[in-house]
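Now for the letters of each chain:
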Amino acid sequence: MRNRAVQAAAVVTIALSASLGSATAFAADPPAATGSVLVDTDNRALGLTGVLNARDAGGYRTVDGHTVRTGLVFRTGDLSKATAADLAELASSNVASIHDLRTSYEQLFMGVDKVPAGAAEHHDDIIGQAPPQVMVSTLSAGTDLYRAFITAPGANEGFANVLRDIAHNPGGVLFHCTAGKDRTGWTSAVLLTILGVDKDTVYYDYLLSNYYRGAKDGDMMNGVTASALDSAFDQVNKSYGSFDNYVRDGLKLSDADVAALQAKLLA
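What comes next is a walk through the structure. Since the model is a prediction, treat every value here as computed from it, not as a measurement.

## Description of the overall build of the protein
- The helix and strand tally for the protein stands at twelve helices and five strands.
- The 267 residues of the protein split such that 55% are buried.
- Contacts in the protein between residues at least 24 apart in sequence constitute 72% of all its contacts with a sequence separation of at least 6.
- Carbon and sulfur atoms make up 53% of the accessible area of the protein, which amounts to about 10600 Å² in all.

Here you go:
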């Protein structure tokens, strides 16, 4: 019962933070781009009016000279307030599959996704089985939350479901949580790292949430900070010894899964 009460309180706070501003009210300046950034912030944004932090997940150069294709993977905040025009835009972008990383409490409080016609819906609850202290950490997107992305029961399975779908689905795949910054941010960080994007660019993509959500530095309720992402990568090393081990033994992605991701997304 206590865990349920904590989750409910966390959901209320998450919902309030997720509603910050309008979907197109960006912060004044994005983080400094690295040389691997091939798609600028304006072209990356999907231009949705009812969905925050909506952007293409591609458009980066890898360390071995490939580029991550655009128009295939998208990351956003929750879709419960998507407009008819937003859904038409997603349909025109060939979004065939949508992964909701929120807890069932978030879905109940904020509303279920509105999805484009024909898109498959998946619920991959990342932190619903996490202990109470993690749910408290959720209120400020603290390091306990990010470490739980690796350690919480069901988290590895949830992230792996998204990555396998991206790898093997011929259409576009969209993943999101509530604000599109924490669970979504880690999903994108894992994907880009698997594809061979350098660390600085992975962090650039992660920190773009501050730009798209209009969050000021240090505002963990509405934005993100590099130290939070640090804690997730640190937990990967503590739990599995290396990122490659995490992919193989934690996420249980096969060599064929990784090869399919690379074949689909790298040009």
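That shown, we press on.
## Digging into the pattern of salt bridges
- Applying the stated criterion to the full structure yields eleven salt bridges.
- The shortest N-O distance in the salt bridge between R55 and D205 comes to 3.4 Å. Of the two residues, R55 is situated in strand β1 (residues 55-56) and D205 in helix α9 (residues 199-212); the sequence distance between them amounts to 150 residues. Both residues of the pair, R55 and D205, belong to the buried class.
- Between K181 and D182 there is a salt bridge; the shortest N-O distance is 2.8 Å.
- Given a relative accessible area of 10%, D182 falls into the buried group.
- It is possible to trace a salt-bridge network through shared partners that takes in D78, D100, R102 and D113.

## Some thoughts on the environment of N169
- Along the chain, N169 falls in the loop between α7 (155-168) and β5 (172-176).
- Taking the C-alpha atoms as reference points, N169 and A260, separated by 91 residues in sequence, lie 9.8 Å from one another.
- Apart from the residues lying within four places of it in its own chain, the contact partners of N169 are A96, S97 and K264.

## Concerning the packing of helix α8 (residues 183-195) against helix α11 (residues 243-250)
- Where α8 meets α11, the closest approach of the two axes is 11 Å, and the angle between their N-to-C directions is 110°. Between α8 and α11, the crossing angle belongs to the class labelled roughly perpendicular. Contacts between α8 and α11 involve W186, V190, T193 and I194 on the former and, on the latter, F243, Y246 and V247.
- Its residues assigned to classes, the contact of α8 with α11 shows six nonpolar, one polar and no charged.

## Quick look at the side chain of D182
- Locating D182 in the fold gives a position in the loop between β5 and α8.
- In this structure the side chain of D182 is engaged in a polar contact, spanning 2.4 Å, whose partner is the side chain of Y146.
- Engagement of the side chain of D182 in a polar contact is seen with the side chain of K181, the distance being 2.8 Å.

## Some words on helix α12 (residues 255-265)
- For α12, the set of buried residues is D257, V258, A260, L261, K264 and L265. Relative to the axis of α12, the buried residues are bounded by an arc of 160° and lie together on one face. In α12, the exposed positions that point more than 90 degrees away from the buried face belong to D255, A256 and A263.
- Those residues of α12 that are buried are in contact with β2 (73-76), α7, β5, α8 and α11.

## Overview of the environment of I150
- Mapped onto the secondary structure, I150 falls in helix α6 (residues 143-151).
- Judged by relative accessible area, I150 falls into the buried class, the value being 3%.
- Once the C-alpha coordinates of I150 and D234 are considered, the two residues, 84 residues apart in sequence, prove to be 9.9 Å apart.

## As for the packing of α9 against helix α10 (residues 226-240)
- In contact at an axis separation of 10 Å, α9 and α10 are set at 125° when each is read in the N-to-C sense. The orientation of α9 with respect to α10, classified from their angle, is oblique. Where α9 crosses over α10, the handedness of that crossing is right-handed. In this structure, α9 contributes V202, Y203, Y206 and L207 to the contact, and α10 contributes A226, A228, L229, D230 and F233.
- For the contact of α9 with α10, the class distribution of residues is eight nonpolar, no polar and one charged.

## Some details on α11
- Residues of α11 that are buried include every one of F243, Y246, V247 and G250, and no others. What you see down the axis of α11 is that its buried residues fit within an arc of 110°, all on one side.
- Structurally, α11 contributes buried residues whose contacts are with α6, α7, α8, α10 and α12.
- One or two steps after α11, the chain reaches K252, where phi turns positive at roughly 60°.

Cut-offs applied
Residues numbered from 1 in each chain as written. Predicted model: local features only at pLDDT ≥ 70, side-chain atom pairs only at ≥ 80, totals over all residues. Heavy atoms only, no water. Helix = DSSP H or I, 4+ residues; strand = E, 2+ residues; numbered from the N terminus. Buried < 20%, exposed > 50% of the residue type's maximum accessible area, 1.4 Å probe, protein only. Contact = heavy atoms within 4.5 Å. Areas by Shrake-Rupley, 256 points an atom, 1.4 Å probe, with all protein chains shown as cover. Salt bridge = Lys/Arg side-chain N within 4 Å of Asp/Glu carboxyl O. Axes fitted to C-alpha atoms, helices over the stretch in contact; angles between N-to-C directions. Parallel < 35°, antiparallel > 145°, perpendicular 65-115°, else oblique. Nonpolar A, V, L, I, M, F, W, Y, C, P; charged D, E, K, R; others polar. Polar contact = N/O pair within 3.5 Å; in protein donor to acceptor, adjacent residues only side chain to side chain. Arc of directions from axis to C-beta. Left-handed = near helix turned anticlockwise from the far one by under 90°.

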